[in-house]
Amino acid sequence: MATRIRPSSKRCTVIGGSGFLGRHLVEQLLVRGYLVSVFDIQQSYELPGVTFHLGDLCNKQALLPALQGVSLVFHCASPFPGSDDRSLFQRVNVDGTGAVLEACQEAGVQKLVLTSSASVVFEGTDIKDGKEELPYAKKPIDYYTETKIQQEKLVLQACNEENGFLTVAIRPHGIFGPRDPQLVPILVDTARRGKMKFIIGDGSNLVDFTFVENVVHGLILAAEHLRPKSPLCGRAYHITNDEPVQFWDFMSQVLMGLGYDAPRYHLPYWLVYGLALLLWLLALLLRPVVRLRPTFTPMRVALAGTHHYYSCTRAKQDMGYRPLVGLQEAIVRTVESYPHLRRGA
Ligand SMILES: NC(=O)C1=CN([C@@H]2O[C@H](COP(=O)(O)OP(=O)(O)OC[C@H]3O[C@@H](n4cnc5c(N)ncnc54)[C@H](OP(=O)(O)O)[C@@H]3O)[C@@H](O)[C@H]2O)C=CC1
Ligand SMILES: CC(C)CCC[C@@H](C)[C@H]1CC[C@H]2C3=C(CC[C@]12C)[C@@]1(C)CCC(=O)C[C@@H]1CC3
């Protein structure tokens, strides 16, 4: 029988630690004195003191060596949300999370902090100051959301104080910041192709965009407040910048900060949503012949044209969460971090 290394409370593993959020988390954990290992399907950087374990999280045997002697695990891995590959989402977010749970328990891990998403309650219609009590989306808007719901349920149900295995889910919304491969790059690419001229709807819809360092702070607070009998056990927490902003104002600030024109002309929401739906169906039908990747997916149009902002009161009460970086400073720091995406660069 393999000998189990005694877990140290400052030793942790970040699954998905090569990704955007995961790498910011790793960097902050090091600053706060943690010993960090990364488990990921790829290695995107090197940092002194960080051990990388490469493998697929769906493979429990591959995970086990990365969890030896570790008391705390952060799970931040997921396929790209814009993908249309249903079986990949099912395999990684659902079956893979099952493997993570089994491996954690087998290795004697005491705490698992999942990065879920506030989108688990989003059905494409307005959410204003949404609390964690909102029911999961009955008709999830895409495969990403569908499998993030199942993933969160699996993780929260696995919380078992008697067995000494505690779990909590953090639900960020619209993460942005330096090195984000999604929000700013997609926005700039759309602008460079001349498709960022239109505002979907009347432009007054409020949303949450959350600076990556605030999400990291929420994840670490969650880990540190997750103890036997604490209110965090088996619960979900919204983490936002606590400063809802008009979607199109935010987009315009980022675009103008990088030297692009802000969108000006309005298009009716339902028209654009209907077109996005048609395009999505067409892409599905043509998939055996050609792989179309529409920029304006139904999910993105819904996110661009509705209110979706969430209350983080529960996180404030139970773990003393406050955003560390305000929205304006976060936008400036983000824009400055993308010199290569500036107009004309
Ligand atoms: N970005 C956002 O706005 C939001 C993100 N989230 C959640 O935050 C988490 C982190 O997201 P983010 O940092 O943006 O995503 P990234 O894609 O940047 O990071 C995810 C990492 O996980 C890796 N990965 C994917 N599949 C596997 C696998 N089977 N085994 C091991 N590693 C794997 C990825 O590798 P590769 O790149 O090669 O696939 C990547 O390195 C996710 O759980 C996401 O659902 C929640 C709310 C908002
Ligand atoms: C083309 C434009 C209409 C929109 C360009 C920006 C979008 C790429 C982003 C705006 C809101 C973002 C967002 C996510 C991904 C990137 C955006 C669609 C998520 C879907 C990422 C994963 C989540 O868990 C929820 C996020 C909500 C906001």
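None of the values given here were measured: they were computed from a predicted structure.

**A word on the site of ligand 2**
Taken together, 14 residues lie near ligand 2, and S117, S119, Y144, Q182 and F296 sit nearest. Between Y144 and ligand 2, the recorded distance is 2.7 Å, taken from a side-chain N or O atom to an oxygen atom. When ligand 2 is considered free in solution it has 600 Å² of accessible area, and contact with the protein chains removes 92% of it. Breaking the shell around ligand 2 down by element, the ones donating at least two residues are α7 (247-257) and α9 (298-305). Taken together, the residues of the shell around ligand 2 break down into eight nonpolar, five polar and one charged.

**Quick notes on the state of the cysteines**
Applying the stated criterion across every chain yields a total of zero disulfides. As a non-bridged cysteine, C159 has C233 as the owner of its nearest cysteine sulfur, 4.6 Å distant. For the unlinked cysteine C312, the closest cysteine sulfur is that of C76, found at 19 Å.

**Focus: the packing of aromatic side chains**
Going through the model one piece at a time under the given rule, you end up with eleven aromatic pairs. Three or more aromatic residues joined by ring pairs make a cluster, and in this case those are F176, F209, F211, F247, W248 and F250. The ring of Y45 is capped by R23, whose NZ or CZ atom sits 4.5 Å from the centre of that ring.

**Regarding the confidence of the model for the chain**
Confidence in the prediction of the chain, expressed as mean pLDDT, is 95, and 97% of residues score 70 or more. The ipTM, which scores confidence in the relative placement of chains, is 0.97 for this predicted complex, and the corresponding pTM is 0.96.

**Quick word on the UniProt feature "transmembrane region" (unreviewed entry) in the chain**
The UniProt entry lists residues 270-290 under the feature "transmembrane region" (unreviewed entry), expressed in the numbering used here. With 81% helix and 0% strand, residues 270-290 has its two end C-alpha atoms placed 27 Å apart.

**Let's talk about the environment of G17**
Checked against the element boundaries, G17 lands in the loop between β1 (8-15) and α1 (20-31). Residues G17 and V168, 151 residues apart in the sequence, show an inter-C-alpha distance of 18 Å. Contact partners of G17, with chain neighbours within four places excluded, come to G22, R23, V26, V38, F39, D40 and Y45.

Rules and cut-offs
- Residues numbered from 1 in each chain as written.
- Chains lettered and ligands numbered in written order.
- Predicted model: local features only at pLDDT ≥ 70, side-chain atom pairs only at ≥ 80, totals over all residues.
- Heavy atoms only, no water.
- Near = heavy atom within 4 Å.
- Polar contact = N/O pair within 3.5 Å; in protein donor to acceptor, adjacent residues only side chain to side chain.
- Areas by Shrake-Rupley, 256 points an atom, 1.4 Å probe, with all protein chains shown as cover.
- Helix = DSSP H or I, 4+ residues; strand = E, 2+ residues; numbered from the N terminus.
- Nonpolar A, V, L, I, M, F, W, Y, C, P; charged D, E, K, R; others polar.
- Disulfide = S-S within 2.5 Å.
- Phe/Tyr/Trp six-rings, centres within 6.5 Å; stacked < 30°, edge-to-face > 60°.
- Lys NZ or Arg CZ within 6 Å of the ring centre and 35° of its normal.
- pLDDT = per-residue confidence, 0-100.
- UniProt positions renumbered as here; feature names shortened; annotations may be inferred.
- Contact = heavy atoms within 4.5 Å.

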